[in-house]
Amino acid sequence: MKVFSGARREAGSRGGEDKVRLVMLGPPGSGKGTQGEKLSDRYKIPLLSSGDILRAAVRAGTEVGKKAEAYLSRGELVPDGVIVDVMTVRLKEADCKNGYILDGFPRTAGQANALGGFLKNNGLKLDAVVNLIVADSELVGRLSARRQCSKCSAVYHLQFRPSAKQGVCDKCGSALYQRDDDKEETIKNRLTLYKKETAPLIDYYKGMLINIEGKGNGSEIFERICSLIERK
Ligand code: AP5
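Residues numbered from 1 in each chain as written. Predicted model: local features only at pLDDT ≥ 70, side-chain atom pairs only at ≥ 80, totals over all residues. Heavy atoms only, no water.

So, the overall build of the protein
Thought 1: Of the regular secondary structure elements, the protein holds nine helices and eight strands.
Thought 2: Classification of the 232 residues of the protein by burial places 47% in the buried group.
Thought 3: Expressed as a percentage of contacts within the protein between residues at least 6 apart in sequence, the contacts between residues at least 24 apart total 70%.
Thought 4: On the protein, roughly 11500 Å² of surface is accessible, and the fraction owed to carbon and sulfur atoms is 52%.
Thought 5: Side chains of the protein carry 39 positive and 29 negative charges; the gap between the two charge centres is 2 Å. (Helix = DSSP H or I, 4+ residues; strand = E, 2+ residues; numbered from the N terminus. Buried < 20%, exposed > 50% of the residue type's maximum accessible area, 1.4 Å probe, protein only. Contact = heavy atoms within 4.5 Å. Areas by Shrake-Rupley, 256 points an atom, 1.4 Å probe, with all protein chains shown as cover. Lys, Arg positive; Asp, Glu negative; His and termini not counted. Charge placed at Lys NZ, Arg CZ, Asp CG, Glu CD.)

Comments concerning the sheet that holds strand β2 (residues 47–49)
Thought 1: The five strands are arranged β2-β3-β1-β4-β8 in an open sheet whose pairing can be described as parallel. Of all the strands in the sheet, just β2 and β8 (209–213) have a single pairing partner and so form its edges. Ignoring which end each strand starts from, the neighbouring axes of this sheet average 20° apart.
Thought 2: Where β2 meets strand β3 (residues 99–103), three bridges bridge the pair, whose relative direction is parallel. What sits directly across from L47, in β3, is I101.
Thought 3: Strands in contact with helix α9 (residues 218–231) are β1 (20–25), β4 (128–133) and β8; relative to β8, the strand with the most contacts, it is inclined by about 160°. (Pairing = 2+ DSSP bridges. Axes fitted to C-alpha atoms, helices over the stretch in contact; angles between N-to-C directions.)

This is the structure:
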């Protein structure tokens with residue numbers, strides 16, 4: 001795969017050969033959003049977070065938001081049909097023409113098959129699937145202290161990645177909030193569902209998997225991910 005790091009490439013100069021399509025896999029709290037944000041900055045491609053898209057739909061009170069709201073608050077997966085429609089519409093938008101990073105999608109075998117079908121019909125393929133490995137004991141602590149921007153969705157942590165000014169996003173100055181599903185009982189439910197529905201995708205994508213130990217310094221994890229992507 002031809003991938004150029006941000007440092008070696010002018011923004012917007014990506015040609016037809018160096019498009020990058022990545023999937024971020026890993027349990028809730030493993031750092032898919034955190035690392036996805038950094039990858040998006042480096043490769044100048046959008047981060048498409050299915051969770052952020054659904055939360056925005058709930059806030060806006062759209063039909064999708066009304067269908068998804070109860071699932072999100074219980075930490076359950078929204079039905080495949082709903083999320084597949086939402087994501088395939090998003091994938092056709094103009095900013096996806098040079099690639100993207102999928103965070104939180106696909107999450108079931110049905111969704112992975114639907115994504116595969118979409119890519120095939122459009123003559124495209126994934127370049128790599130980044131699988132972040134973090135133990136359950138670490139995940140609960142991460143999620144219960146996570147704070148997220150209400151406007152741009154930037155992710156913080158009260159200890160590991162605090163904002164410069166408490167409760168205010170460094171990037172856009174909007175208020176930070178705690179997600180409804182970041183409560184201990186809901187987190188447990190999300191972890192159980194991850195193991196049942198999403199972990200089997202590790203095997204599904206085994207030919208293109210990049211396994212990364214997701215515990216430790218976030219910048220070091222990021223550099224490891226980039227070097228493995230660029231070797232692919
Ligand atoms: P979604 O928003 O996708 O949540 P998730 O997959 O549970 O993942 P998270 O966002 O919780 O974690 P993350 O891995 O991105 O970690 P983060 O970088 O934030 O989905 C929410 C809900 O939407 C689902 O439950 C479901 O209802 C619905 N949904 C979404 N997609 C769906 C789909 N495809 N099908 C059906 N339903 C769907 O990091 C977490 C915290 O850890 C942060 O505070 C961060 O600062 C901190 N952190 C990150 N890295 C480190 C590190 N190295 N060391 C210490 N702390 C760290």
